[in-house]
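# Working through the structure, step by step
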Amino acid sequence: MPLDAICLTALLTELRPELVGARVDKIQQPQKDKLLLTLRGKEQGGKLLLTAGTGSARIHLTGRSFENPQSPPMFCMLLRKHLTGARLAAIEQPPLERVARLVFDTYNELGEPSRKTLVLELLGKNCNLILVDADDIILDALRRVDEDMSRTRRILPGLRYRLPEAQGKQNPLEAAVDDIQPDKLLDTFNGLSPLICRELADRTPPQIVDFFTAIRAGVWAPYELSDESGPVDFSYTPIRKYQSAKAASFSALLDNFYETRDRTERHRGQTGTLLKTVTNLRDRTARKLEAQRQEQAEAENRDRFREQGDLITANLHTIKKGQAALTAQNFYDPDGGEITIPLDTRKTPQQNAAAYYKRYTKAKTAEKHLAEQIAKGEGELDYLSSVLEAIARAETTGDVAQIREELVEVGVLRAQTGGKKQKPLPSKPLQFVSSTGVTIYAGKNNLQNDKLTFKTANRHDTWLHAQKIHGSHVIVATGGGEPDAQTLEEAAAIAAWYSQGRAGGRVPVDYTLVKHVKKPSGGKPGAAHYVNYKTIVATPDEVLMKRLQQ
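Being a predicted model, the structure only gives us computed values, none of them experimental. (Residues numbered from 1 in each chain as written. Predicted model: local features only at pLDDT ≥ 70, side-chain atom pairs only at ≥ 80, totals over all residues. Heavy atoms only, no water.)

## Some words on the sheet that holds strand S19 (residues 507-513)
- With antiparallel pairing, the 6 strands of this open sheet are ordered in space as S15-S16-S18-S17-S19-S22. The open sheet has two edge strands with one neighbour each: strand S15 (430-433) and strand S22 (534-538). Across the sheet, the mean angle from the axis of one strand to that of its neighbour is 25 degrees, orientation sign disregarded.
- By the bridge criterion, 5 bridges tie S19 to S22 in an arrangement that is antiparallel. Bridging from a neighbouring strand, Val 507 pairs with Ala 538 of S22.
- This element, helix H10 (residues 446-456), spans strand S16 (439-442), strand S17 (462-466) and strand S18 (474-476) of the sheet and lies at about 140 degrees to S16.
- Sheet contacts for helix H11 (residues 485-497): S15, S16, S17, S18, S19 and S22; angle to S17, the most-contacted strand, approximately 40 degrees. (Pairing = 2+ DSSP bridges. Helix = DSSP H or I, 4+ residues; strand = E, 2+ residues; numbered from the N terminus. Axes fitted to C-alpha atoms, helices over the stretch in contact; angles between N-to-C directions. Contact = heavy atoms within 4.5 Å.)

## Regarding the packing of helix H8 (residues 349-393) against helix H9 (residues 397-409)
- Contact geometry for H8 and H9: axes closest at 10 Å, N-to-C directions at 165 degrees. Taken together, the axis directions place H8 and H9 in an arrangement best described as roughly antiparallel. Considering the relative orientation of H8 and H9, their crossing is left-handed. Residue-level contacts link Tyr 383, Val 387, Ala 390 and Ile 391 of H8 to Ile 403, Glu 406 and Leu 407 of H9.
- When grouped by side-chain class, the residues that make up the contact of H8 with H9 number 6 nonpolar, no polar and 1 charged. (Parallel < 35°, antiparallel > 145°, perpendicular 65-115°, else oblique. Left-handed = near helix turned anticlockwise from the far one by under 90°. Nonpolar A, V, L, I, M, F, W, Y, C, P; charged D, E, K, R; others polar.)

## Examining the packing of aromatic side chains
- What the rule picks out here adds up to 9 aromatic pairs.
- Taking the centre distance of 5.3 Å and the plane angle of 75 degrees together, the rings of Phe 234 and Phe 257 count as edge-to-face. Of this pair, Phe 234 sits in strand S11 (residues 230-235) while Phe 257 sits in helix H6 (residues 250-300), and the two are 23 residues apart along the sequence.
- Here the aromatic rings of Tyr 530 and Tyr 533 are separated by 5.2 Å at their centres, their planes lie at 75 degrees, and the arrangement is edge-to-face.
- Judged by relative accessible area, Tyr 530 falls into the buried class, the value being 18%.
- A residue is classified by how much of its surface remains accessible, and Tyr 533, at 42% relative accessible area, is partly exposed.
- Chaining the aromatic ring pairs together yields one cluster made of Phe 211, Phe 212 and Tyr 236.
- Here the guanidinium or amino end of Arg 58 rests over the ring plane of Tyr 258, the centre of that ring lying 4.0 Å away.
- Over the ring of Tyr 360 we find Arg 306; its NZ or CZ atom is 5.9 Å from the centre of that ring. (Phe/Tyr/Trp six-rings, centres within 6.5 Å; stacked < 30°, edge-to-face > 60°. Buried < 20%, exposed > 50% of the residue type's maximum accessible area, 1.4 Å probe, protein only. Lys NZ or Arg CZ within 6 Å of the ring centre and 35° of its normal.)

Okay, structure coming up:
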């Protein structure tokens, strides 16, 4: 939901006692559309984030830290010149407008009292941050708007600041109850988002009256809206279409919502790029493998080339130069039937026979090499499939970075060159505690699987893996003792959940001691060979995973 006018009213109402009276200690512009003001006072203060980005425009307190550019942007330098040390005197909002005005008391270059106002416009594609003086003359703006960009409203230094043009709609907080028609709220009233209008359209008239009565009285609360996929929106009132969870404050709500969304989008972008690259490699490997198998099938029938060469040799006296085919009795056929053998008209009969013998020799030699190449290709295809499974299970930026690091190590991807080389963010295996208090680990990718099994685990710990499909190496860290039945069942469920069998029903899971698990010679990351194992059938259970995970 865009931060509509009523939600902005609720938010600014919350911010005033927190910030008014505090002084500007630091001004940062970490990104082109983000501004961070650090305010300090005896009882007020905090880090105030102002964002003028399309789809993410907002203002709220934040606990986050941002990395600053090496050189501050010009707008940031201007704000530092005029607002550093200034006292926040007021936080204003024009009636039901998506505009926040931060009014600061400061001093000019001559040491005389001065007033500056930082205006945040949260207007869809036209979001902006504008600094004006006491007479509302624009000092500068984050986005300057000239006459080529807008004929009706220019935003340039030296011009007088004017509010955005009114839409000609009514103020819902001043309208008579009889004027409120649920099916025409969005077209009739200002300050209501489409989300709120859809919600009110599904309410009864008395419920709509109660809603506006509460808003007029300033009765609202921050709610995070979510569905089965996670947080999807926010509001100042419960929305029945979604699960509505009350937050501690509007600032906490917005800070958490946008941090989660930004992290998810970054992760999705990184995962999507890597997923596309590995998928293309897998498909290319599969096509190459299929061609090699077809060539191998042809090599297995190589004896027919030798037989055709023998038949041509036996019938040299009947073949004339330029003849396109030889039809002769096939003495290799138990029934003594005839066979037609294609000939190259440009070659002599002897050269045609030699060509068939050469094809026989080539196929015989190729069969051995093809068997090696096919085995190598099958291993490569299996490995790339395991990487795709790991990408599907990646949860953080660190997980994706570690998978990329793995692909560089095995030579599937090239190392990035140029620029500052960044070390992948640390990513640790998943950790669980069983119902009986035993620690269980699960690798999230092949590198973690290798480290868990061959470096971290005790030789006498229990090792589990979904049978004959890709998935996590799971370690029950008993310190050498035998796990109890409950722990073993839960560890098997973890192995089933973090495997390709997650979407299915019951999954066979093999388990053995770590000492019985070996790394195949020359094996890719994540590859393992194990003996002396037993099998337990487990059911993937997401509820159990969440309960056990630490």
